[in-house]
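# Structural overview for review
Listed below, chain by chain, are the residues.
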Amino acid sequence: MRFHSREVRALRTWVPTLGAAAPRLVAADPGLRAVVLSEVAGRSLHGAMLPDLQERQIFRRIGELARRIHDSAPPRPSPDGAGPALGNADRRLTAARSLLAPGTRRSSAISSAGRRRCPH
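Since the model is a prediction, treat every value here as computed from it, not as a measurement.

Below, the discussion takes up the overall build of the protein. Looking only at helices and strands, the protein has four helices and two strands in total. From first element to last, N terminus to C terminus, the protein shows the α and β order α-β-β-α-α-α. Expressed as a percentage of its 120 residues, the buried residues of the protein come to 12%. Within the protein, contacts between residues separated by at least 24 positions form 36% of all contacts whose residues are at least 6 apart in sequence. Only carbon and sulfur atoms are counted for the fraction: they give 58% of the accessible area of the protein, which is about 10,000 Å².

Now the structure itself:
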């Protein structure tokens, strides 16, 4: 149910900003977990043999659409600021607590661990 409601919310809110490149939500039924979408103009490129120039133009348009998709989605903050990375760090710090020098603050340990993993 969670995925269905998230999909419907996206189709009602940010997908319309993509214009004619995106389908429109026609109907949604949470009981059936179903959505009905409008048809999108165009044709499948599966198996298409295209001249190089036309293929490059199509891939450029696909890239532009991908950029619009990424730009159109609203930011998704983690609940209470606790994303998966922080939870992962908490679990590892708890497991490694005996290895930390006495008085080491949790935030210092996380910062140090992050610096060790990040390429310079």
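Glancing now at the confidence of the model for the protein. When pLDDT is averaged across the protein, the result is 78; 71% of the residues are at 70 or more. When pLDDT is averaged over each helix and strand of the protein, the minimum, 49, is found for helix H4 (residues 106-117) and the maximum, 95, for strand E1 (residues 25-29). pLDDT under 50 marks residues 113-120. Its contacts with residues more than four places away, or in other chains, come to two contacts.

Turning our attention to the pairing of E1. With four bridges connecting them, E1 and strand E2 (residues 34-37) associate as antiparallel partners. Counted as the bridge partner of Ala-28 is Val-35 from E2. Count of turn residues in the E1/E2 antiparallel hairpin: four residues, of which Arg-33 carries a positive phi of about 55°.

Relative to the assigned elements, Leu-25 resides in strand E1. When its relative accessible area of 23% is taken as the criterion, Leu-25 is described as partly exposed. Distance in space between the C-alpha atoms of Leu-25 and Glu-39 is 10.0 Å, their sequence separation being 14 residues. Excluding residues that lie within four positions of it along the chain, Leu-25 makes contacts with Val-8, Leu-11, Arg-12, Val-35, Val-36 and Leu-37.

Right, let's talk about the pattern of salt bridges for a bit. Tallying each qualifying case throughout the model produces one salt bridge. With its nearest N and O atoms 3.2 Å apart, the salt bridge here joins Arg-67 to Asp-71. Here Arg-67 pairs with Asp-71, and both are found in helix H2 (residues 52-72), just four residues apart, close to one helical turn. Given the relative accessible area of 48%, Arg-67 is considered partly exposed. Assessed through its relative accessible area of 55%, Asp-71 is described here as exposed.

One number sums up the size of the largest pocket: a volume of about 510 Å³. Ala-41, Ile-58, Arg-61, Ile-62 and Leu-65 are the residues nearest the centre of the largest pocket, which is lined by 13 residues in total. In terms of residue class, the lining of the largest pocket is built from seven nonpolar, two polar and four charged.

The rules behind the values
- Residues numbered from 1 in each chain as written.
- Predicted model: local features only at pLDDT ≥ 70, side-chain atom pairs only at ≥ 80, totals over all residues.
- Heavy atoms only, no water.
- Helix = DSSP H or I, 4+ residues; strand = E, 2+ residues; numbered from the N terminus.
- Buried < 20%, exposed > 50% of the residue type's maximum accessible area, 1.4 Å probe, protein only.
- Contact = heavy atoms within 4.5 Å.
- Areas by Shrake-Rupley, 256 points an atom, 1.4 Å probe, with all protein chains shown as cover.
- pLDDT = per-residue confidence, 0-100.
- Pairing = 2+ DSSP bridges.
- Salt bridge = Lys/Arg side-chain N within 4 Å of Asp/Glu carboxyl O.
- 1 Å grid on protein atoms, 1.4 Å probe; cavity = no way out; pocket = protein on both sides within 12 Å on 5 of 7 lines; lining within 4 Å.
- Points joined across faces, edges and corners; volume = space filled by probe spheres on them.
- Nonpolar A, V, L, I, M, F, W, Y, C, P; charged D, E, K, R; others polar.

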